[in-house]
Amino acid sequence: MGILLRPLYIGPTGPTGTTGPTGTTGPTGTTGPTGVTGTTGPTGPTGVTGTTGPTGPTGVTGTTGPTGPTGVTGTTGPTGPTGVTGTTGPTGATGVTGTTGPTGATGTTGPTGPTGVTGTTGPTGPTGTTGPTGPTGPVNDAQYLVLAVDAGLANERVFTPGDGVAGVDAGAGGMYTVTVDLVGAWSGLEFSGGDLRVDLDAACTWTAQHTFMGGVGIGTATPATELHVLESDAETAAISDVVTIGHDTSGEPAALFGVGVKLQLEDKAAAGQDAARMVALWTNATDGAENQLLRFNTYPENSAAGYFGFWCGNDIDDTQETVIPNGAGDVTGYFWVRYLVVESGGGVNAATTKLEPGDAAATLYDDGTDVLQLTVGVGGQVTIVRTAGAATFDVALLMLWI
């Protein structure tokens with residue numbers, strides 16, 4: 001059978017038909033390979049800082065490490081110079097002389113012996129030649145002392161009772177009794193029960209050394225100690241000066257001129273030994289500009305036992321003031337001070353500091369304008385001065401030094 005081939009003829013395209021309903025989603029295909037990572041974008045702005053969390057518990061303390069080896073002991077420093085020998089204390093007063101023992105009783109008189117036989121009178125010897133006349137003696141050349149109640153023996157020494165002194169004559173061969181009325185003779189003295197008392201309201205001046213064996217009362221008739229001084233007045237809120245201890249000189253006072261009080265104790269060798277001393281001394285003895293140091297120390301003086309002192313100064317300016325004079329009792333090793341400084345403009349400073357002789361000055365006050373400094377010199381002298389500004393300073397120093 002043969003095939004009839006016709007030429008293909010395509011007619012015009014017909015209108016598009018309406019879209020049919022969407023078919024169901026086909027199954028998801030497998031994930032394709034990961035794409036290449038893109039470049040990192042710019043960093044965003046920092047967020048607000050969060051609140052701090054609570055502090056965590058303290059960790060357990062670690063065990064103490066082993067102690068390191070002891071360092072090598074340093075060489076001993078040179079021995080300092082020997083301090084100045086203190087002045088010898090005054091000689092103690094002579095003890096009171098004991099009373100004389102009673103006179104022994106007179107023995108009985110022995111019997112009178114018999115009168116001897118009178119001997120025969122011897123022949124009279126020849127008369128001797130008269131010797132030359134001796135020189136006339138001076139007037140009132142007394143050979144003995146005569147006590148008399150009248151002035152009949154003009155050329156002899158005559159004892160005449162005076163004020164407070166009375167004489168009683170018992171006649172020839174008798175006793176002549178002299179009595180002394182101390183109360184009448186010297187106003188202010190009183191004897192009572194064997195005690196000698198001094199009336200504080202009367203003028204009575206001791207001009208010589210006197211020894212008292214304790215129980216001395218001044219202002220009291222019943223001393224409670226060896227020396228008891230009592231001031232009795234009507235004050236209720238005031239300090240009364242009861243005892244004054246002074247020191248005058250025939251020379252001209254200078255720095256280190258002072259007055260002291262010693263406290264003594266007996267040691268095992270039964271010797272009185274200085275145990276402590278309190279001294280007030282000038283650091284500046286110039287009239288109108290005086291300044292003083294109150295100093296305490298223990299035995300032995302001028303030793304490494306050290307000193308304690310108190311010093312005050314007012315209106316300190318650029319004129320250097322001495323706190324501790326150069327000489328006995330100055331700084332030989334270390335100086336420590338607690339200070340209080342008040343500046344004339346109202347500024348205040350207080351602290352402590354420590355220096356050695358020759359150290360740089362310590363600044364006690366510095367407000368940027370006014371400066372106050374304290375120095376311990378190489379020789380041991382301590383001074384204070386304003387080194388800048390125009391203010392003045394009131395200063396109180398409490399010091400320890402060796």
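See above for the structure.
All residue numbers refer to position in the chain's written sequence, counted from 1. Residues qualify for local features only when their pLDDT is at least 70, as the model is predicted, and side-chain atom pairs are given and counted only at 80 or more; totals for whole chains, interfaces and linings, by contrast, use all residues. As a rule here, side-chain values come from all non-hydrogen atoms in the structure, and water together with hydrogens is ignored.

Engineer: Can you lay out the sheet that holds strand E11 (residues 291-298) for me, pointing to particular residues and giving the numbers?
Structural biologist: A pair of strands is labelled paired if DSSP reports no fewer than 2 bridges between them. Numbering of helices and strands starts at the N terminus; helices are DSSP runs of H or I of at least 4 residues and strands are runs of E of at least 2. Judged by pairing direction, the sheet is antiparallel, and its seven strands sit side by side in the order E9-E10-E11-E12-E19-E14-E15 without closing on themselves. A single partner strand is all that each edge strand has here, and the edge strands are strand E9 (258-266) and strand E15 (348-355). Neighbour to neighbour, the strand axes of the sheet diverge by 15 degrees on average, direction disregarded. Summarising the sheet, E11 and strand E12 (residues 307-316) pair through five bridges and their orientation is antiparallel. Within E12, the residue paired with leucine 293 across the bridge is tryptophan 311. All axes here are fitted lines through C-alpha atoms, helices being fitted over the stretch that makes contact, and every angle between N-to-C directions spans 0 to 180 degrees.

Engineer: Requested: an account of the nonpolar core, with residues and values cited.
Structural biologist: Counting 27 residues, the largest nonpolar core has Trp311, Ile324, Phe335, Leu372, Val395, Leu397 and Met399 as the members making the most contacts within it. Elements with a contribution of two residues or more to this core: strand E10 (272-284), E12, strand E13 (321-324), strand E14 (335-343), strand E16 (362-366), strand E17 (371-376), strand E18 (382-388) and strand E19 (393-401). Here this core takes five residues from E19, the largest share from any one element. Two residues qualify as a contact provided that any one of their heavy atoms is within 4.5 Å of a heavy atom in the partner residue. Dropping the residues within four chain positions of it, leucine 372 is found in contact with Ile316, Val341, Ala362, Thr363, Leu364, Tyr365, Ile384, Val385, Arg386, Phe393 and Val395. Here, nonpolar core means buried Ala, Val, Leu, Ile, Met, Phe, Trp, Tyr and Cys residues that are tied together by side-chain atoms lying within 4.5 Å of each other. Between buried and exposed lies partly exposed: a residue is buried under 20% and exposed over 50% of the maximum accessible area for its type, with that area taken using a 1.4 Å probe on protein chains only.

Engineer: Explain unusual backbone geometry to me, and be specific about the residues and the numbers.
Structural biologist: Even without being a glycine, alanine 270 presents a positive backbone phi close to 60 degrees. Its place among the elements puts alanine 270 in the loop between E9 and E10. A positive phi angle, close to 55 degrees, is found at aspartate 315, a residue other than glycine. One can find aspartate 315 in strand E12.

Engineer: If you had to explain the packing of aromatic side chains to someone new, which residues and values would you point to?
Structural biologist: Two rings from Phe, Tyr or Trp (for Trp, the six-membered ring) form a pair when their centres sit within 6.5 Å of each other. Planes less than 30 degrees apart are called stacked, planes more than 60 degrees apart edge-to-face, and all others tilted. Counted according to the given criterion, the structure contains three aromatic pairs. With a centroid separation of 5.6 Å and an interplanar angle of 20 degrees, the aromatic rings of tyrosine 307 and tryptophan 401 are classed as stacked. With a gap of 94 residues between them, tyrosine 307 in strand E12 and tryptophan 401 in strand E19 connect regions that are remote in the sequence. You'll find tyrosine 307 and tryptophan 401 in the same group, each marked buried.

Engineer: Give me the sheet that holds E18: which residues, what numbers.
Structural biologist: Strand order in the open sheet formed by four strands is E13-E18-E17-E16, with antiparallel pairing between adjacent strands. Two strands lie at the open edges of the sheet, namely E13 and E16, each paired on one side alone. Sheet twist, expressed as the average angle between the axes of neighbouring strands with direction ignored, equals 25 degrees. Relative to E18, E13 runs antiparallel, the two sharing three bridges. Within the sheet, the bridge partner assigned to glutamate 321 lies in E18 and is isoleucine 384.

Engineer: Can you lay out the environment of arginine 277 for me, pointing to particular residues and giving the numbers?
Structural biologist: Its place among the elements puts arginine 277 in strand E10. By relative accessible area, which is 24% here, arginine 277 ends up partly exposed. Along the primary structure arginine 277 and leucine 263 are separated by 14 residues, whereas in three dimensions their C-alpha atoms are 6.1 Å apart.

Engineer: Would you mind going over the environment of leucine 293 in detail, with residue names and values included?
Structural biologist: Tracing the backbone shows leucine 293 in strand E11. Leucine 293 sits in the buried class, given a relative accessible area of 1%. Between the C-alpha atoms of leucine 293 and isoleucine 324, which are 31 residues apart in sequence, the distance is 7.3 Å.

Engineer: So, the environment of tryptophan 401: which residues are in play, and what are the values?
Structural biologist: Using a relative accessible area of 2% as the deciding quantity, one classes tryptophan 401 as buried. Counting along the chain gives 72 residues from tryptophan 401 to glycine 329, while the straight-line C-alpha distance between them is 9.3 Å.

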